[in-house]
Amino acid sequence: MPKSRIRKKSDYTPPPTTVTAVRLSSGRSWVAPLMLALFLVGLVWIVVYYVSSASWPISAIGNWNIVVGFAFIAGGFGVSTQWK
């Protein structure tokens, strides 16, 4: 019985892929500056309260100044959930 010819297959070369750059425009460029601003305002509020011996920023509310400072910081964390 005759032997069949051995066919030589060419190596597989995948077709060239085209890479397209995708730029996502989320329209949320305001998130990072607002987040950082709220963090800084909260931090400065608390530091000013301690440094001024409770006479600044609002002396009438007393220790609630700490809560106001932390509310600004919590607002910064709330805004940070919108960051992509």
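These numbers were taken from a predicted model, which means no experiment stands behind them. (Residues numbered from 1 in each chain as written. Predicted model: local features only at pLDDT ≥ 70, side-chain atom pairs only at ≥ 80, totals over all residues. Heavy atoms only, no water.)

Enquirer: Would you take a moment to explain the packing of aromatic side chains for this structure?
Expert: Aromatic rings considered in pairs are described by the distance between their centres and by the relative angle of their planes. Evaluated as defined, the whole model comprises three aromatic pairs. Both rings, one in F39 and one in F77, keep their centres 4.9 Å apart while their planes meet at 65 degrees; by these two values the pair is edge-to-face. Of this pair, F39 sits in helix 1 (residues 31-51) while F77 is found in helix 2 (residues 64-80), placing the two residues 38 residues apart along the sequence. Judged by its relative accessible area of 22%, F39 is partly exposed. Considering the side-chain rings of W45 and F72, the 5.8 Å spacing of their centres and the 45 degrees angle between planes classify their relative orientation as tilted. Of this pair, W45 sits in helix 1 while F72 sits in helix 2; the two residues are 27 residues apart in sequence, bridging distant segments of the chain. Classification of F72 by relative accessible area gives partly exposed; the value is 28%. (Phe/Tyr/Trp six-rings, centres within 6.5 Å; stacked < 30°, edge-to-face > 60°. Helix = DSSP H or I, 4+ residues; strand = E, 2+ residues; numbered from the N terminus. Buried < 20%, exposed > 50% of the residue type's maximum accessible area, 1.4 Å probe, protein only.)

Enquirer: Help me out: how do you make sense of the packing of helix 1 against helix 2 in this one?
Expert: In a pair of packed helices, the angle between the axes and the distance between the axes together describe the arrangement. Closest axis-to-axis distance for the helix 1/helix 2 pair is 8 Å, and the angle between their directions is 165 degrees. Relative to helix 2, the element helix 1 lies roughly antiparallel. As helix 1 runs across helix 2, the sense of the crossing is left-handed. On the side of helix 1, the interface is formed by V31, L34, M35, L38, F39, V41, G42, L43, W45, I46, Y49 and Y50, while helix 2 contributes N65, I66, V68, G69, F70, F72, I73, G75, G76, F77, V79 and S80. When the residues that make up the contact of helix 1 with helix 2 are grouped by side-chain class, the tally is 18 nonpolar, six polar and no charged. (Axes fitted to C-alpha atoms, helices over the stretch in contact; angles between N-to-C directions. Parallel < 35°, antiparallel > 145°, perpendicular 65-115°, else oblique. Left-handed = near helix turned anticlockwise from the far one by under 90°. Contact = heavy atoms within 4.5 Å. Nonpolar A, V, L, I, M, F, W, Y, C, P; charged D, E, K, R; others polar.)

Enquirer: What is the right way to read a nonpolar patch on the surface from this model?
Expert: Where nonpolar side chains cluster on the molecular surface, the patch consists of L40, L43, V47 and V51 and spans about 390 Å² of accessible area. Secondary-structure assignment places V51 in helix 1. (Patch = residues over 30% accessible without salt bridge, like charges linked within 9 Å, V, L, I, M, F, W, Y side chains within 5 Å. Areas by Shrake-Rupley, 256 points an atom, 1.4 Å probe, with all protein chains shown as cover. Salt bridge = Lys/Arg side-chain N within 4 Å of Asp/Glu carboxyl O.)

Enquirer: It is not clear to me how helix 1 should be interpreted in this structure. Could you clarify?
Expert: Along an α-helix, residues three or four positions apart point the same way, because every turn accommodates 3.6 residues. Over its 21 residues, helix 1 extends 30 Å from the first C-alpha to the last, a length consistent with the 30 Å expected when each residue adds 1.5 Å. Considered for burial, the residues of helix 1 that qualify are V31, M35, L38, G42, W45, I46 and Y49. With its buried residues spanning 95 degrees around the axis, helix 1 presents them on a single face. Summarising the geometry of helix 1, the exposed residues directed more than 90 degrees from the buried face are L40 and V51. Summarising the contacts, the buried residues of helix 1 are in contact with helix 2. Following helix 1 by one or two positions, S53 has its phi on the positive side, about 55 degrees. (Expected span 1.5 Å × (residues − 1). Arc of directions from axis to C-beta.)

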